[in-house]
Amino acid sequence: MLTRMGLLKKKSEWSIEEFRSHWLLRHGPLARRLSGLRGYVQNHIVNKEFKGVDIPRDAEEYDGFSQLWFDNDAAMHAAIATDLGRALVADESHFIGDLRIALVQEDEIVPPANRQSLVKYMSLLTRRGNITPERFCSEWKGPHASQARALPGVRGYRQNLIIERQVPKGAPVGYERLPIDGVSELWFDNEGACVAAFASSEGRQMVERARDVIVTFTTYLVEAYVIV
């Protein structure tokens with residue numbers, strides 16, 4: 001399965017309410033009809049403040065994250081090449097000011113159940129300059145995954161390791177143009193449970209170890225809408 005993530009910034013002249021409404025009510029129904037699309041989730045950012053981790057945020061800020069699943073790369077390109085695919089691209093230029101794409105390797109550490117009743121956080125991770133991609137991957141998928149699994153109250157945890165980047169969409173680039181190594185997804189019963197988890201001894205130990213590997217940790221509270 002191919003997982004394609006979009007990092008969206010709204011057009012500056014659009015309000016966040018207009019952006020979210022168009023994305024969900026206009027763009028979403030169009031995308032639902034796309035051939036070969038196995039899954040599509042819109043993650044609307046509702047809070048850019050997160051004080052549970054004392055690791056700096058990245059200067060870049062986004063307004064939403066998309067997640068699309070296809071069987072493979074060929075299926076994705078075939079879908080985009082259709083009339084509907086071209087209509088979707090045209091609609092993106094209508095309400096999106098900046099769209100960056102990350103192809104990721106997905107690893108579900110704690111499968112979330114009853115997602116509709118849970119709150120969801122998404123975090124963008126950037127490794128330190130002295131940390132190689134291989135060491136980041138080893139640390140993230142090894143000790144960090146074990147520590148995150150042990151967080152009190154965690155209801156779901158998924159890691160998305162970035163393997164390809166496009167800035168803007170359709171233009172492959174190197175790491176320097178999109179210096180993000182991974183995107184994590186965490187689910188809790190509520191916001192209070194998330195704050196308590198990171199304030200726990202397990203949470204503090206996890207953050208302390210992560211600080212040695214990552215330079216920025218940019219977390220958003222999102223509302224997830226399952227389109228497909």
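Above this text sits the structure in question.
What counts and what doesn't
Residues numbered from 1 in each chain as written. Predicted model: local features only at pLDDT ≥ 70, side-chain atom pairs only at ≥ 80, totals over all residues. Heavy atoms only, no water. Helix = DSSP H or I, 4+ residues; strand = E, 2+ residues; numbered from the N terminus. Contact = heavy atoms within 4.5 Å. 1 Å grid on protein atoms, 1.4 Å probe; cavity = no way out; pocket = protein on both sides within 12 Å on 5 of 7 lines; lining within 4 Å. Points joined across faces, edges and corners; volume = space filled by probe spheres on them. Nonpolar A, V, L, I, M, F, W, Y, C, P; charged D, E, K, R; others polar. Phe/Tyr/Trp six-rings, centres within 6.5 Å; stacked < 30°, edge-to-face > 60°. Lys NZ or Arg CZ within 6 Å of the ring centre and 35° of its normal. Buried < 20%, exposed > 50% of the residue type's maximum accessible area, 1.4 Å probe, protein only. Pairing = 2+ DSSP bridges.

### A look at the environment of Gln166
- Here Gln166 shows up in strand E6 (residues 156-166).
- Considering only alpha carbons, one finds Gln166 and Val41, 125 residues apart in sequence, at a separation of 19 Å.
- Excluding its chain neighbours within four sequence positions, the residues that come into contact with Gln166 are Arg4, Arg100, Ile101, Ala171, Pro172 and Val173.

### Re unusual backbone geometry
- Of the consecutive residues Val167 and Pro168, the connecting peptide bond is found in the cis state with omega at -5°.
- Following the sequence through the fold, Pro168 ends up in the loop between E6 and strand E7 (172-173).
- In this model, Asn114 sits at a positive phi of 50°, which is unusual for a non-glycine residue.
- Looking at the secondary structure, you find Asn114 in the loop between strand E4 (96-110) and strand E5 (119-127).

### Notes on the layout of surface pockets
- Taken as a whole, the largest pocket holds about 340 Å³ of empty space.
- What lines the largest pocket is a set of 18 residues, among which Arg115, Leu118, Lys120, Glu223 and Ala224 lie closest to the centre.
- Secondary-structure elements contributing two or more residues to the lining of the largest pocket are strand E2 (37-47), strand E3 (64-70), E5, strand E8 (182-188) and strand E9 (214-226).
- If one sorts the elements of the lining of the largest pocket by residue count, E9 sits on top with 5 residues.
- For the lining of the largest pocket, the per-class residue count stands at 10 nonpolar, 2 polar and 6 charged.

### Quick notes on the packing of aromatic side chains
- All chains considered together, the criterion is met by 9 aromatic pairs.
- With a centroid separation of 6.5 Å and 75° between ring planes, the pair formed by Tyr121 and Phe188 is classed as edge-to-face. Placement of Tyr121 in strand E5 and of Phe188 in strand E8 is noted, with a sequence separation of 67 residues between them.
- Here the aromatic residues Trp14, Phe19, Trp23 and Phe95 are joined through ring pairs into a cluster of three or more.
- The side chain of Lys9 reaches across the aromatic face of Tyr62, ending 5.4 Å from its centre.
- Its end group placed over the ring of Tyr175, Arg127 keeps NZ or CZ at 4.4 Å from the ring centre.

### Considerations on the pairing of E8
- Burial within E8 is extensive, with 7 of its 7 residues counted as buried.
- Side-chain alternation along E8 places Gly182, Ser184, Leu186 and Phe188 on one buried face and Val183, Glu185 and Trp187 on a second face that is also buried.
- Bridge analysis of E5 against E8 gives 7 bridges, and the strand direction is antiparallel. Bridged to Lys120 within E8 is Trp187.
- Two elements, E6 and E8, share 6 bridges in a ladder whose sense is antiparallel. In the sheet register, Gly156 faces E8, and the bridge partner there is Trp187.

### Let's talk about empty space enclosed by the protein
- In total, this model carries 4 cavities of 30 Å³ or more according to the counting rule given.
- Estimates place the volume of the largest cavity at around 270 Å³.
- Along its surface, the largest cavity is lined by 21 residues, and Arg4, His27, Leu68, Glu92 and Lys169 are the ones closest to its centre.
- At the level of secondary structure, the elements contributing two or more residues to the lining of the largest cavity comprise strand E1 (2-10), helix H1 (16-32), E2, E3, helix H3 (83-95) and E4.
- For the lining of the largest cavity, the leading source of residues is H3, giving 4 residues.
- When the residues that make up the lining of the largest cavity are grouped by side-chain class, the tally is 14 nonpolar, 4 polar and 3 charged.
- In this structure, the second largest cavity spans a volume of roughly 110 Å³.
- Lining of the second largest cavity is provided by 14 residues; of these, His144, Leu186, Phe198, Met206 and Phe217 occupy positions nearest its centre.
- Elements supplying a minimum of two residues to the lining of the second largest cavity: helix H4 (133-149), E8 and helix H6 (201-211).

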